[in-house]
Amino acid sequence: TGIRGEELMGPKRTHYETFYIREKTPEIKKVIFNNPATIVIWSDGTKTVVKTQNGEPYDKEKGLAMAITKKFFGNEGNYYNVFTKWLKEDEEAKG
């Protein structure tokens with residue numbers, strides 16, 4: 001089964017809510033790729049830092065994607081729980 005939007009993000013958003021979220025999300029001002037870290041500086045003055053885990057190889061694209069995801073989920077470490085939950089369920093379904 002796929003990920004349903006409401007399971008991941010809550011109830012379906014109206015067009016206005018989606019527009020509001022997009023308008024309130026700060027823009028990326030600068031990205032620093034510094035193995036093993038990817039650092040994103042945002043237009044609101046905050047920064048997001050993600051690092052490779054458990055000896056995985058450094059991947060700029062994955063680092064940037066994870067930093068954006070982390071910011072979207074409140075710039076806290078719990079953002080990775082979404083990945084863990086859905087990847088685990090997918091592996092269990094495959095047997």
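Described in the following lines is the structure provided in the data block. Note that this is a predicted model, so its numbers are computed, not measured.

Check the secondary structure of the chain and you find four helices and three strands. Looking at the 95 residues of the chain, the share that counts as buried comes to 18%. Considering only contacts in the chain between residues 6 or more positions apart, those separated by 24 or more positions represent 31%. Summing over all exposed atoms, the chain offers an accessible surface of approximately 7400 Å²; the carbon and sulfur share of this is 52%.

Here helix H3 (residues 60-72) contains 13 residues, and its C-alpha end-to-end distance of 18 Å stays within 8% of the 18 Å for a straight helix at 1.5 Å per residue. Regarding H3, the residues found buried are Gly63, Met66, Ala67, Thr69, Lys70 and Lys71. Regarding H3, its N-cap is Asp59, as a side-chain oxygen of that residue lies 2.9 Å from the backbone nitrogen of Glu61 further along. One or two steps after H3, the chain reaches Gly74, where phi turns positive at roughly 100°.

The antiparallel open sheet is built from three strands, whose spatial order is E1-E2-E3. If you trace the sheet from one side to the other, it starts and ends with strand E1 (28-34) and strand E3 (47-51), each paired once. For this sheet, the mean angle separating the axes of adjacent strands, direction not counted, is 15°. Sitting on the sheet, H3 touches E1, strand E2 (37-42) and E3, and the angle it makes with E3 is about 130°.

With that out of the way, let us pick up the pattern of salt bridges. Tallied over the entire structure, the rule returns two salt bridges. For the salt bridge of Glu56 with Lys62, the shortest nitrogen-to-oxygen distance reads 3.1 Å.

All right, on to the nonpolar core then. Val40, Trp42, Val50, Met66, Ala67 and Tyr79 together form the largest nonpolar core, which totals six residues. Counting residues per element, the ones that place at least two in this core are E2 and H3.

Another point: the packing of aromatic side chains. Scanning the model with the defined rule gives one aromatic pair in all. Relative to Phe73, the ring of Phe72 lies with its centre 5.6 Å away and its plane at 85°, an arrangement referred to as edge-to-face. Judged by its relative accessible area of 27%, Phe73 falls in the partly exposed class.

Looking along the chain, the bond that leaves Asn35 and enters Pro36 is cis, with omega of 15°. Within the secondary structure, Pro36 is located in the loop between E1 and E2. Although it is not a glycine, Asn54 sits at a positive phi angle of roughly 55°. Here Asn54 is to be found in the loop between E3 and H3.

Rules behind the numbers
- Residues numbered from 1 in each chain as written.
- Predicted model: local features only at pLDDT ≥ 70, side-chain atom pairs only at ≥ 80, totals over all residues.
- Heavy atoms only, no water.
- Helix = DSSP H or I, 4+ residues; strand = E, 2+ residues; numbered from the N terminus.
- Buried < 20%, exposed > 50% of the residue type's maximum accessible area, 1.4 Å probe, protein only.
- Contact = heavy atoms within 4.5 Å.
- Areas by Shrake-Rupley, 256 points an atom, 1.4 Å probe, with all protein chains shown as cover.
- Expected span 1.5 Å × (residues − 1).
- Polar contact = N/O pair within 3.5 Å; in protein donor to acceptor, adjacent residues only side chain to side chain.
- Pairing = 2+ DSSP bridges.
- Axes fitted to C-alpha atoms, helices over the stretch in contact; angles between N-to-C directions.
- Salt bridge = Lys/Arg side-chain N within 4 Å of Asp/Glu carboxyl O.
- Core = buried A, V, L, I, M, F, W, Y, C linked by side-chain atoms within 4.5 Å.
- Phe/Tyr/Trp six-rings, centres within 6.5 Å; stacked < 30°, edge-to-face > 60°.

So, to be careful, I would describe these as geometric facts and stop short of saying anything about function.
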